[in-house]
Amino acid sequence: MARMTVDAEMCKGCGLCILACPKKIIRFSKEINSKGYHYAECFDQEACIACKMCYTTCPDVAITIEK
Amino acid sequence: MARMTVDAEMCKGCGLCILACPKKIIRFSKEINSKGYHYAECFDQEACIACKMCYTTCPDVAITIEK
Amino acid sequence: MEIIAQRPKSLTDLQFTYCPGCTHGISHRLIAEAMDELDMRNNMMGVAPVGCSVFAYKFFDCDMAEAAHGRAPALATGMKRSRPNMHVFTYQGDGDLAAIGTAEIIHAANRGEHITVFFVNNAIYGMTGGQMAPTTLPGMKTSTSPYGRDEKDIGYPIKVCELLSSLVAPYFIERVSLLSPQDIMKAKKVVKKALQFNKEERGFTFVEFVSTCPTNWGLAPIDAMKWAKENMLPFFPLGNYRDKSVEGGK
Amino acid sequence: MEIIAQRPKSLTDLQFTYCPGCTHGISHRLIAEAMDELDMRNNMMGVAPVGCSVFAYKFFDCDMAEAAHGRAPALATGMKRSRPNMHVFTYQGDGDLAAIGTAEIIHAANRGEHITVFFVNNAIYGMTGGQMAPTTLPGMKTSTSPYGRDEKDIGYPIKVCELLSSLVAPYFIERVSLLSPQDIMKAKKVVKKALQFNKEERGFTFVEFVSTCPTNWGLAPIDAMKWAKENMLPFFPLGNYRDKSVEGGK
Amino acid sequence: MKTEIISSGFGGQGALTIGKFLAKAGMGDGLNVSWLPSYGPEMRGGTANVSVVIADRAIASPLVSYPDILIALNQPSIDKFGSDIKEKGLLIYNTDMCPHGTKRKDIDVIEAPMNSIAREIGSMKVLNMVAIGIVIGKTGLVKYETLENDLTGFLQKKNPDLLELNLIAIKKGIEIGKK
Amino acid sequence: MKTEIISSGFGGQGALTIGKFLAKAGMGDGLNVSWLPSYGPEMRGGTANVSVVIADRAIASPLVSYPDILIALNQPSIDKFGSDIKEKGLLIYNTDMCPHGTKRKDIDVIEAPMNSIAREIGSMKVLNMVAIGIVIGKTGLVKYETLENDLTGFLQKKNPDLLELNLIAIKKGIEIGKK
Amino acid sequence: MAEKILMKGNEAVAEAAIRAGCRLYFAYPITPQSELIEYMAKMMPKVDGVFVQAESEVAAINMVYGASGTGRRVMTSSSSPGISLKMEGISYIAGANLPAVIVNVQRGGPGLGDIQPAQGDYFQATKGGGHGDYRLIVLAPSTVQEFADMADLAFDLADKYRNPVMILSDGLLGQMMEPVEFKPSKTKEEMEALDKQHYDWCMYPNEDEPNHHHHEINSLEIDPLILEQHVIKLGKKYDKIEKNEIRYEEYNISDENEVVVVAFGTAARIAKSAIDQLQEEGTSIGMIRPITVWPYPYEAISNVLHEKVRKVVVCELNLGQMVEDVKLAVNGKLPVEFLGKVGGILFTPDEIKAKILGTEGE
Amino acid sequence: MAEKILMKGNEAVAEAAIRAGCRLYFAYPITPQSELIEYMAKMMPKVDGVFVQAESEVAAINMVYGASGTGRRVMTSSSSPGISLKMEGISYIAGANLPAVIVNVQRGGPGLGDIQPAQGDYFQATKGGGHGDYRLIVLAPSTVQEFADMADLAFDLADKYRNPVMILSDGLLGQMMEPVEFKPSKTKEEMEALDKQHYDWCMYPNEDEPNHHHHEINSLEIDPLILEQHVIKLGKKYDKIEKNEIRYEEYNISDENEVVVVAFGTAARIAKSAIDQLQEEGTSIGMIRPITVWPYPYEAISNVLHEKVRKVVVCELNLGQMVEDVKLAVNGKLPVEFLGKVGGILFTPDEIKAKILGTEGE
Ligand SMILES: Cc1ncc(C[n+]2csc(CCOP(=O)(O)OP(=O)(O)O)c2C)c(N)n1
Ligand SMILES: Cc1ncc(C[n+]2csc(CCOP(=O)(O)OP(=O)(O)O)c2C)c(N)n1
Ligand code: SF4
Ligand code: SF4
Ligand code: SF4
Ligand code: SF4
Ligand code: SF4
Ligand code: SF4
Ligand SMILES: [Mg+2]
Ligand SMILES: [Mg+2]
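A quick note: this is a predicted structure, and the numbers were derived from the prediction, not measured.

A. Expanded view of the packing of aromatic side chains. Summed over all chains, the structure comprises 44 aromatic pairs over all chains. When the ring of Phe60 of chain D is compared with that of Phe89 of chain D, the centres are 5.3 Å apart and the planes differ by 75°; the resulting orientation is edge-to-face. Taken as a pair, Phe60 of chain D in the loop between helix H2 (56-59) and strand E3 (63-66) and Phe89 of chain D in strand E4 (residues 87-93) lie far apart in primary sequence, 29 residues in all. Accessibility assignment for this pair places Phe60 of chain D and Phe89 of chain D in one class, buried. Cluster of aromatic residues (ring-pair linked, three or more members): Phe60, Phe89, Tyr91, Phe118 and Phe209 of chain C. Here the basic side chain of Arg83 of chain C rests over the ring of Tyr204 of chain H, its NZ or CZ set 3.8 Å away from the ring centre. Cation over ring: Arg162 of chain G sits above Trp201 of chain G, and NZ or CZ is 4.0 Å from the ring centre.

B. The interface of chain H and chain G, seen in detail. Listed by partner, the interface residues are 60 residues for chain H and 60 residues for chain G. Between chain H and chain G, the buried area comes to about 4800 Å², and carbon and sulfur atoms account for 63% of it. Area buried by chain H at its contact with chain G is led by Pro110, His131 and Asp133 of chain H, which between them contribute 14% of it. Put simply, Glu228 of chain H and Lys341 of chain G hold a salt bridge, and the shortest N to O gap is 3.9 Å. At the junction of chain H with chain G, the criterion picks out 26 residue pairs in polar contact (both at pLDDT 80 or more). The set of elements that each furnish at least two residues to the side of chain H that touches chain G consists of helix H4 (80-85), helix H5 (87-95), helix H6 (122-126), helix H10 (224-244) and helix H13 (322-330) of chain H. When residues of the side of chain H that touches chain G are assigned to their parent elements, the largest contribution, 9 residues, is made by H10 of chain H.

C. Here's a closer look at the site of ligand 3. Near ligand 3 you find 14 residues, and of these Cys21, Cys48, Cys51, Lys52 and Cys54 of chain A are the closest. In the shell around ligand 3, the residues fall into 12 nonpolar, no polar and 2 charged.

D. The coordination of the magnesium ion (ligand 10), seen in detail. All names here are of chain D. The coordination sphere of the magnesium ion (ligand 10) contains the protein donors Asp94 (OD), Asn122 (OD1) and Ile124 (O), at a distance range of 2.0 to 2.1 Å. If you list the donors of the magnesium ion (ligand 10) from N- to C-terminus, the spacing comes out as D-x27-N-x1-I. Placement of the pair is Asp94 in helix H4 (residues 94-100) and Asn122 in the loop between strand E5 (116-121) and strand E6 (124-125), with a sequence separation of 28 residues.

E. Structural context of the relation of the copies chain H and chain G. When chain H is fitted to chain G, the residual RMSD is 0.0 Å, and the transformation amounts to a turn of 180° plus an axial shift of 0.0 Å. Such a turn and shift between the copies fits a two-fold axis. Relative to the rotation axis, the C-alpha of Gly129 of chain H is the closest in chain H, positioned 1.8 Å from it. Both copies present the same face, since 100% of the interface residues in chain H are matched by interface residues at the equivalent positions in chain G.

F. Spotlight on the coordination of the magnesium ion (ligand 9). Residue and element names in this part refer to chain C. Of the protein atoms, only Asp94 (OD), Asn122 (OD1) and Ile124 (O) coordinate the magnesium ion (ligand 9), at distances of 2.0 to 2.1 Å. Within one chain, the residues donating to the magnesium ion (ligand 9) are spaced in sequence as D-x27-N-x1-I. With Asp94 in helix H4 (residues 94-100) and Ile124 in strand E6 (residues 124-125), this pair connects stretches of sequence that are 30 residues apart.

G. Summary view of the interface of chain H and chain C. With 34 residues of chain H at the interface, the matching set in chain C holds 35 residues. Counting each side, the surface lost to burial between chain H and chain C is near 2800 Å², with a carbon and sulfur contribution of 57%. In this assembly, chain H and chain C are joined by 2 salt bridges. Residues Arg83 of chain C and Asp195 of chain H are paired through a salt bridge, measuring 2.9 Å at the closest nitrogen-oxygen approach. Scanning the region where chain H abuts chain C turns up 18 residue pairs in polar contact (both at pLDDT 80 or more). Considering each element in turn, the side of chain H that touches chain C owes the most residues, 7 residues, to helix H3 (residues 57-68) of chain H. Of the residues contributing to the side of chain H that touches chain C, the split by class is 18 nonpolar, 11 polar and 5 charged. With 2 bridges connecting them, strand E3 (residues 63-66) of chain C and strand E9 (residues 216-217) of chain H associate as parallel partners.

H. Quick look at the domain arrangement of chain G. Residue and element names in this part refer to chain G. Splitting chain G by domain gives domain 1 (4-196) and domain 2 (249-357). Each of domain 1 and domain 2 has a C-alpha centre, and the two are 27 Å apart. Interface area for domain 1 against domain 2, summed over the two sides, is near 2200 Å², with a carbon-plus-sulfur share of 53%. Applying the counting criterion to the domain 1 and domain 2 interface returns 3 salt bridges. Its salt-bridge partner being Arg289, residue Glu146 comes within 3.0 Å of it at the nearest N-O pair. Applying the counting criterion to the domain 1 and domain 2 interface returns 15 residue pairs in polar contact (both at pLDDT 80 or more). When residues of the side of domain 1 that touches domain 2 are traced back to their parent elements, those giving at least two are helix H6 (122-126), strand E6 (137-139), helix H7 (144-161), strand E7 (164-170) and helix H8 (171-175). Its residues placed into classes, the side of domain 1 that touches domain 2 shows 15 nonpolar, 6 polar and 7 charged.

Conventions we followed
Residues numbered from 1 in each chain as written. Chains lettered and ligands numbered in written order. Predicted model: local features only at pLDDT ≥ 70, side-chain atom pairs only at ≥ 80, totals over all residues. Heavy atoms only, no water. Phe/Tyr/Trp six-rings, centres within 6.5 Å; stacked < 30°, edge-to-face > 60°. Helix = DSSP H or I, 4+ residues; strand = E, 2+ residues; numbered from the N terminus. Buried < 20%, exposed > 50% of the residue type's maximum accessible area, 1.4 Å probe, protein only. Lys NZ or Arg CZ within 6 Å of the ring centre and 35° of its normal. Contact = heavy atoms within 4.5 Å. Buried area = accessible area lost by both parts, 1.4 Å probe. Salt bridge = Lys/Arg side-chain N within 4 Å of Asp/Glu carboxyl O. Polar contact = N/O pair within 3.5 Å; in protein donor to acceptor, adjacent residues only side chain to side chain. Near = heavy atom within 4 Å. Nonpolar A, V, L, I, M, F, W, Y, C, P; charged D, E, K, R; others polar. Donors = N, O, S within 2.8 Å, 3.2 Å for Na, K, Ca; no water. Least-squares fit on C-alpha atoms with pLDDT ≥ 70 in both. Pairing = 2+ DSSP bridges. Domains from an automatic or database assignment.

Structure, rendered in structure tokens:
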């Protein structure tokens, strides 16, 4: 099992993690954070394979991966 | 016939023309110029072949060659 | 469950001041990770430039100095010479390093200062709002080349790795890119190599990141990466330009 | 009898301020002769550096500006851009061009400014009394490298022709020497070629003179030439580094 | 007469343009105007704002510390400037992006779902024109005709469709403002 | 008491060294001294000169405009400074390099063929020491013993032979000076 | 009457410079000046002018030095740290008696500081930030209109005295938009005349000397006696400028004034509104606003210290720089008080009122 | 008593700096300062110190900036044009609250000027040649001994206030030899203490924080409110320095003085001999010689304007710079006259006498 979490306040909604995820389980949230960004969120933690692609590409180091 | 003349005041007595002359007809004068240099002079104008080696090497453009 | 990837210790908790999708953040993370892994943080002094990464002095969690525009290699020289048992790196943009700081980078490299220079090439002046950089591509429109960079008038982009490799002293010079997770993972290895050499006091080490500036290129972050791949990489070939650790290395 | 060699018209009548046997005078003469022969004097503007040749503005008999130390290429850029129908050259020493003026020469070359740069490499700061230059040879003693230039500490001499040839824009780059009448005659051809290209508005042209500084080397003029031949030429190989006029030229 | 305005929002929402067209129209009406943006790197991804002053005498400081009117396109703008609005001043805000609104009771408040209105009109680009319209409708600070004139000059050739939408948005705003 | 000296000659003749050893000896004698060279590119191949002041009170300006003593190792030095020597001042000059000498009648003049003397002693390097000797012989400005002491400290290890020649030259100069 | 255009100060001064015949511009980007360089990048090609983004401020000022030596109108601009880098070049240009226009859009300092408006470079501009005895003519605008108008004036003064002229503006004036009217562009004939005006000394063959031409552009005189004459001549030029070119504005000056305020540029704008408010409240305050901060209007200030005036108040966006010049003007006759604001912050009219009324502490 | 050594000023100040614990020196050659860099090149390796000949003055001052950030004693030197190039860096160092010592061996300007002694950089040194509100502590020696002594003082002041200190010398003091006595070198213990004195803020792990360490060396505060606080704090530091560190020499001051002369450095040397001569001739003249030209001894000057004093005469090797500070000190109480000399020429005592006596025209 793996878990990917996005720090919503750190995220700037650039979408690079969404592109990077091989499992396509990341999307923009409906909510905005205090800076007005639709932050990223994992909508299917079960499917996460902890490949760290999202972490690798995230320019704001907003992602944590657990396994 | 050829003539090599040194402008005694321009000459700084560096000796490069003496080294350059294939005919070895240049030497330092006994006299000094107003800056204290023993300037170069041609002691055998007859032998000069107007090869311009002395002119070519003179850093102070003190030499004139006529032919 | 165990954390397998998280914010490296060598970064502070502050949020980066970069635009969404700006690769400055990625290169910061790579450097910080390498510092963590090589256990260099306690003896590291970094130099931030003037450019979008001016606040790097707040982001790297080690001793940091904020240089005058272009002068980071001079500061680094002073710092390293003063405290030779410390490790020193600079982090600089293309305006900073390849325009106003040309003399400083060339001479630090030529002296073989024992420092690591991280060079972020995004083909533009990010911080001041998108003016032409020395690395701006031919034909590229910027706010100071509004009709496109005309190489007849102002010449071609400067290739810094190539320029520095014409010097004898540098120990390690390599150009990497940050344009895909794969590239980033490769870049990570190079960053670590450079810092490893730094730790071992081998000499002057230099890593160029081919980067993006979504904001001033007027592109979405993903499009910016695509654009950079298509347009910058042909001009700025990736690869190693100097590695004295390899027998026969140039 | 007819005069077959005399002071060129493009020199004023003033006596040079150089030391006995200093090759600055020779390069001055070569440039002036080429100006005469190419009939460029009436449309020529030159830039003198700060260095022993600071008074070049008095010696060349055309319009002349005296630059700040290292900034001759910047002045030349302003001059040429302002009056594009004029020809412009700079005359610079190795401290001037390769130390303090590093950024200016690289960027003028990179922009491909339509100017000619004459670069006098005598491996030392002549005017200020013999300090180390960027081109000072390894082991060479100068007043600021009293124990000999230690390349481990401050790196190797900078090879300017090689450095500039890593740029795309320059049109012509060649290194010549002034160490014998034969060398000088060869140099003359190269000087003339560069100015010819200048006249034809081909682009950035650059001639390096491997020169001597008898005074600060502590050698008699003749010995200085010998020393330079033996010690400088191996480090600074003569030859053409760029000639875009030749098909397939680099 | 002197009116001091701050217009503020996320980058891209057009807060600076609001200021620009208000100032331009004020100038067209023969008044003295000034427009001063916030600038600098702290703007990256943050809030952009502009100070506008419209007055019938010389304008001393173009920097507005205590606005008569605050146009807030997002919540951070209210959070940052809301408490500076002069007593009896006016707050115009975009309910779509300002979930918390304001707690002040001593000022006039006009709320409008500007995102929704713009979307309805057909382009998110006209969000800011709704806000301008509200200012005009409520205060008559500048003449609609002057503004229309400026916009026409600016857009007629470049993008006549957008011009049309802009004018619709302004009129919609005026309506709201007049209520 | 204050003595102002200019020592001048071609580069390489040792004019600056004359000044230095006079100043050093003065210092050794417990006096205030200053030594100020001419400097700069105009020196290249030209004339080098130095101002030396030796005094029993604080020295205001180390620059000598009107010397009490001019030591001229060549003709250009006389041409340049000869007319500035104070009335009743002293000119010491090297006849070997000063074909025209001086026309002044209001000063003391000591002539010496310094080149020839140095050549005789065995080294052109000691030319300047002859001049120092003359100053001492004529004026007693500094003590011979102090000078000898300084020179010994300076040369004993490096070059004892040259030291010997130097002392001979000084003594020769003193002889001339005393005449 | 010309049309009014709403424009940023940075752009207005650039447009006005082009209209004044400037066809050469060399600079390096820096906030809050970048709109100026960007405007030039866009417009210079349209008027056959030269725009070069230099590799640094040092290079830019030396390009100006070279171009000015050829006798044409040339300009550069920057903001505080970038201006510091130009100090050597400015000293050379002044030393070589060359005309040139330099715009400083000041920001907060020292060091990297911030990018907000400030007036901390007053000393640097007026007392010679570079080495040696030289003076810049320094013009201090306080509106966008004046900023634009000064481009024209600056070039005229630069040409008249063969001296560099600085426009000492700030981030506020650079960034704000105000309505501005422009003078018409120079006509073709005027441009030709401009081009030739310096033929007697500049590099570039003129019609009278079509062939042999040896003009020297130079600040070096290795012979001290010649350099002395050269610097004395510079000094006389500065005296002449001090005699002829002092400019200032009198605001609300009358013999009813209880206090006289001295302020320049942006600070003066704010001071005016304080003065207006006090006037309405029945207190008469006058102001001298130096328009040239060098040459400085010493006399203008001492002349308005009428009998009722109790004190002089100096307002600056710095720790106190022009206040020294005001003290020199007042010369001990009255107390001189100082109100400063630093860091890129502006004072409010209320703060100025309090200082004037002596109620700051309250 | 230490031995007296006959030494050039340039070498004496270098030797004294090394003895004061300076172990880092970065500079670029320039006449008439080159003996200083050459001395350092020779001596630094012998004391395990760092000598780097920088590629330029700009690089040199930024090497100083970096090295100073690590808390060690560091110095650079140059002459006028080279000092101008350091202006940006100096403003950064001041803005970042860093200690550093900068020696200016002034020459004739402006521009390339000449290489003879001058005092034309007074304004630049004392009023901030760089941008923004900052102050250098400026020490002006007038003998080789004082030049050497000031190295020690400069480092102490720099460390005490975390502020750059400039020694404002000139070509005469740099080139001339005078007897000089040196203080003993710092002991090993003193050196260790010096090394640690800045551990609380400098880059470099200290014993209390052996591991994690995040000290920032920086002059940037992008938030104007924070920058404001920062600059106000700088201002308070400058006030403190003005209160504590003013130094000057009174020469022949008495209530018999008819004229008071103010002069610094080399100019003061010559003025002294004029004063001595006048005293012998029966006219009593006093002199104030500022030793710190910033902070400036305003009070010291106004305090000696005894009843008999008719006027104040200022002598400088420039067109008139310090004279403004003297006028500020005198504040209108007496006429202030100026005698200048430019181009690298010195005045003679006679010229000063004539100025004092008012017989110049005769
Ligand atoms: C001396 C000086 N000149 C100019 C500037 C303005 N300036 C700040 S950042 C910058 C360019 C930054 O571009 P780059 O180095 O490419 O970094 P990026 O923002 O693209 O990462 C400039 C010109 C300055 N702060 N100081
Ligand atoms: C800004 C500045 N820095 C330093 C100097 C001093 N300076 C004059 S010439 C020179 C070096 C000259 O060396 P080089 O360029 O090699 O010319 P050379 O005399 O050897 O021909 C230096 C450092 C100066 N005049 N200006
Ligand atoms: S770790 Fe891999 S699979 Fe999981 S969310 Fe990230 S990119 Fe997708
Ligand atoms: S890459 Fe990072 S910043 Fe970008 S959307 Fe994903 S989590 Fe957010
Ligand atoms: S021309 Fe030739 S032969 Fe004649 S003197 Fe010169 S070098 Fe000798
Ligand atoms: S080469 Fe020229 S300067 Fe040298 S000795 Fe011969 S003539 Fe004289
Ligand atoms: S402007 Fe460009 S380089 Fe700067 S933070 Fe934004 S995207 Fe990154
Ligand atoms: S010092 Fe050297 S380079 Fe300069 S003139 Fe003398 S020999 Fe030539
Ligand atoms: Mg960039
Ligand atoms: Mg050289």
